[in-house]
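Secondary and tertiary structure notes
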Amino acid sequence: MELNVKTLYLIGGIVTLASAGATLLTWYHHRKAPGLRAWAAALLLTVVGALILRVRTSHADPAPVLAADMLVVAGFAAMWLSLRFANRDRRDMVRLIAFAVGISAAFLALFVVLRALGAGLQAASVPFSLFLGLLGLACAWEIRQGRRKDDLRSRLPAALAFVGLGIARVARAAVLGFEVAHILPPGAAAATHPYTLYATIVFTVVVTYGLVMMANEQAGRREALLFAER
């Protein structure tokens, strides 16, 4: 089956925006649910990044690409840090934002290094996919660790979805890197891109569904405790 990249980007934008809306709506009703607000922020920053790329005037100028990528990386970093802080009962929003900005700056530093080494157009693409992949896997770990506190069964599908998302992005970074290093022939990254992009879209939906399930399960347990006390 042949997948059209332009169509996938359009579908991905719609899915991301719809997922952000569903996440925000769930968070509005379940303010204490883990990860919902940060996931909505990550998705909305992804949409903003896509809009920046859409309205850029010159494809030769790397600044819009860097700005968009840094926003998305910061959003995923905030998601991971939100889960990590919640597992450790920390509520420091300033530190969370500072760390997320720092991770985004690390992405920029890696871009500068790769650009200096002659990575060319892939200087931003390789670290972008690598950072998203590693942050996705880190989110999966924190969601799994959080089960020690609340024992929510719905954490498993959310964690597995983040694992899938992380693997898809790391695979994308690996293919891009191997092509830059001339280990893979030119065009290998373009040939595999539709499939990793499709996987990213699917796992974004599943992550959202998993987080919503976690919120509903947590709320259900809270209501059951209230009824048991009466």
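Remember, it's a predicted structure, so these values are computed and weren't measured experimentally. (Residues numbered from 1 in each chain as written. Predicted model: local features only at pLDDT ≥ 70, side-chain atom pairs only at ≥ 80, totals over all residues. Heavy atoms only, no water.)

Quick word on the pattern of salt bridges
One pass over the structure, following the stated rule, counts seven salt bridges. Of the charged contacts, one joins Arg88 and Glu142 as a salt bridge, the two residues approaching to 3.4 Å between their closest N and O atoms. Remark: Glu142 occurs in helix α5 (residues 122–150) and Arg88 occurs in the loop between α3 (62–87) and α4 (93–116); sequence separation between them is 54 residues. Classification of Glu142 by relative accessible area gives buried; the value is 2%. Glu217 is the partner of Arg221 in a salt bridge, and the nearest nitrogen-oxygen pair spans 3.2 Å. On the criterion of helical spacing, the pair formed by Arg221 and Glu217 is a turn pair, its members being four residues apart in helix α7 (residues 188–229). Overlapping salt bridges, with partners in common, bring together Arg84, Arg88 and Glu142 in one network. (Salt bridge = Lys/Arg side-chain N within 4 Å of Asp/Glu carboxyl O. Helix = DSSP H or I, 4+ residues; strand = E, 2+ residues; numbered from the N terminus. Buried < 20%, exposed > 50% of the residue type's maximum accessible area, 1.4 Å probe, protein only.)

Structural notes on the packing of aromatic side chains
By the definition in use, this model includes three aromatic pairs. Seen from their ring centres, Trp39 and Phe76 are 5.8 Å apart, and the 80 degrees between their planes marks the pair as edge-to-face. Of this pair, Trp39 sits in helix α2 (residues 36–55) while Phe76 sits in helix α3, and the two are 37 residues apart along the sequence. On the basis of relative accessible area, Trp39 is assigned to the buried category, the value being 0%. (Phe/Tyr/Trp six-rings, centres within 6.5 Å; stacked < 30°, edge-to-face > 60°.)

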